Amino acid sequence: MKALIQTIVEPLVDHPEEIQVNVKEESGKMIYHLTVHPEDVGKVIGKNGRIAKVIRTVVYAAGSDTKKRIYLDIM
Amino acid sequence: MKQVTASGQTVEDAVQSALKQLNTTEDQVNVDIIDEGKKGMFGIFGTKRAIVKVTVAENHLQQVETYLKQIVSAFSEDVFVETSTKGSTVTFDLSGKSIALLIGKRGQTLNAIQYLVQVALNRLSKERYHVVVDAEGYRKRRKETLEQLAHRLADKANKIKKHVSLEPMPSYERKIIHSALQHNEQIATYSDGTEPNRHVVIKPVTK
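Residues numbered from 1 in each chain as written. Chains lettered and ligands numbered in written order. Predicted model: local features only at pLDDT ≥ 70, side-chain atom pairs only at ≥ 80, totals over all residues. Heavy atoms only, no water.

Put simply, the rule is: UniProt positions are given in the numbering used here, feature names are shortened, and annotations may be inferred rather than shown by experiment.
Looking at an unreviewed UniProt entry, one finds chain B named RNA-binding protein KhpB, with Paraliobacillus quinghaiensis as its source organism. Recorded under Function (unreviewed entry), the UniProt text for chain B is reproduced unchanged: "A probable RNA chaperone. Forms a complex with KhpA which binds to cellular RNA and controls its expression. Plays a role in peptidoglycan (PG) homeostasis and cell length regulation."

In the nomenclature of an unreviewed UniProt entry, chain A is known as RNA-binding protein KhpA of Paraliobacillus quinghaiensis. Its UniProt record, at the heading Subcellular location (unreviewed entry), says of chain A: "Cytoplasm". Within the UniProt record for chain A, the comment given under Function (unreviewed entry) is "A probable RNA chaperone. Forms a complex with KhpB which binds to cellular RNA and controls its expression. Plays a role in peptidoglycan (PG) homeostasis and cell length regulation."

Below is the structure:
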């Protein structure tokens, strides 16, 4: 899952080496915290949060077979 | 970016030798001729070999195809991608196991993947592309469903003499509805609301 988030974000940003995904586990849910270079924040959020929304759609769908609920936190 | 400088008796020979080294074909490279070479007298005196610089052109389509495959592999191991280009529209057709999971409810996952691929491709390339990601004929099936829905709701609007709103849809799905009802003179269609809640409204035409 961490690798998937990394893969999705990589071609969207100018500084792919500064993508960070941290995982935190809480009661019954997995929280993935995505951090990118400050200049790239806009690129992963997109106009009206459109890119952020599609990243979440893809990540949640890919994680639908796991028992834990997944949350994706951006910045 | 891969590039190689090669020499040969003629320009053509030099290019072929470079292609062999790069293990590619002529349509995927840019060739710069550095020296055209000279045949010389009787092919013995004053011969000069041709020198060319061959650069592998960056293939954006291939890069995003790999990107798409990487995303898809998180869903299912056995999914094949078939790429076709028509003008500025690039279509990626997915087929294989667990396709339903990739499509998602009303195609939302497929649409999300499509948008990601489009953004990635247009970031790489100077030209603008329109990307379509399809899965086992989903787009065509969806089009038929939407057309049926359009005609059914047009009848309903006509019967109850009231506006009928459809659920929010992406722009190309709304377009399908509009064009399906374009020639129906008893009703008119328009879109209302702002993205992502923009939806089609069918209204009866009062005479």
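Following the structure, the description resumes.
### Digging into the overall build of chain A
Threshold: Strands here are runs of E lasting at least two residues and helices are runs of H or I lasting at least four, both read from the DSSP assignment and numbered beginning at the N terminus. The size measure is the radius of gyration over C-alpha atoms, and the globule rule it meets is 2.2 Å times the number of residues to the 0.38 power. Throughout, exposure labels follow a simple rule: accessible area from a 1.4 Å probe, protein chains only, divided by the maximum for the residue type, with under 20% read as buried, over 50% as exposed, and the rest as partly exposed. We call two residues in contact when some of their heavy atoms are within 4.5 Å.
The helix and strand tally for chain A stands at 3 helices and 3 strands. Starting at the N terminus, the α and β elements of chain A follow one another as α-β-β-α-α-β. At 12 Å, chain A has a C-alpha radius of gyration in line with the 11 Å of a compact globule built from 75 residues. Counting only C-alpha atoms, chain A reaches 35 × 20 × 15 Å along its principal axes. Across the 75 residues in chain A, those meeting the buried criterion constitute 41%. Restricting to contacts in chain A with at least 6 residues of sequence separation, those with at least 24 account for 53%.

### Regarding the overall build of chain B
Basically, it comes down to this: Each accessible area is a Shrake-Rupley result for a 1.4 Å probe, and residues are judged covered by the shown protein chains and nothing else.
Helix and strand counts for chain B stand at 6 helices and 9 strands. Here the C-alpha atoms of chain B give a radius of gyration of 27 Å, more than 25% beyond the 17 Å that 2.2 N^0.38 yields for 207 residues. By principal-axis analysis of the C-alpha atoms, chain B measures approximately 95 × 40 × 25 Å. The buried share among the 207 residues of chain B stands at 37%. Excluding contacts between residues fewer than 6 apart, the proportion of contacts in chain B whose partners are at least 24 apart in sequence is 55%. Accessible area of chain B: about 12,800 Å², with a carbon and sulfur share of 49%.

### Remarks on the sheet that holds strand β2 (residues 29-35) of chain A
Residues and elements named next belong to chain A. Put simply, the test is: Strands pair, by our definition, only if DSSP identifies at least two bridges between them. Inter-axis angles, ranging from 0 to 180 degrees, are taken between N-to-C directions of lines fitted to C-alpha atoms, where helices are fitted over the stretch in contact.
A sheet is described by the order of its strands in space; here 3 strands give the open sequence β1-β2-β3, paired in mixed fashion. Each edge of the open sheet is held by one strand with a lone partner, namely β1 (20-26) and β3 (69-74). Strand-to-strand, the axes of this sheet are offset by a mean angle of 20 degrees, without reference to chain direction. Inspection of the sheet shows β2 paired to β3 by 6 bridges, in the parallel sense. When the sheet's bridge partners are listed, Ile31 is paired in β3 with Tyr71.

### A short note on the side chain of Arg174 of chain B
Residue and element names in this part refer to chain B. Tracing the backbone through its elements, the reader meets Arg174 in helix α6 (residues 171-180). Overall, the relative accessible area of 7% leaves Arg174 in the buried class. The contacts of Arg174, once residues within four sequence positions are left out, are Met169, Ser191, Glu195, Arg198, His199 and Val200.

### Observations regarding the packing of aromatic side chains
Residue and element names in this part refer to chain A. The cut-off we apply is this: Classification of ring pairs uses Phe, Tyr and Trp, with its six-membered ring standing for Trp, and accepts pairs whose centres are within 6.5 Å; under 30 degrees between planes counts as stacked, over 60 as edge-to-face, and the remaining range as tilted. Charge over a ring is defined by NZ of Lys or CZ of Arg lying within 6 Å of the ring centre and within 35 degrees of the ring normal.
Evaluated as defined, the whole model comprises 0 aromatic pairs over all chains. If you follow Arg69 out to its NZ or CZ, it ends over the ring of Tyr60, 5.8 Å from the centre. Lying over the aromatic face of Tyr71, Arg69 brings its terminal NZ or CZ to 5.1 Å of the ring centre.

### Some details on the pairing of strand β3 (residues 50-56) of chain B
Residue and element names in this part refer to chain B. The element β3 is largely enclosed, with a buried count of 5 among its 7 residues. Sheet topology places strand β1 (residues 3-8) next to β3; 6 bridges connect them, and they run antiparallel. Residue pairing for β3: Ser7 is matched across the bridge by Ile51. Bridge count for strand β2 (residues 29-35) against β3 is 6 bridges, and the pairing is antiparallel. When the bridges of β3 are listed, Asp35 appears paired with Ile51.

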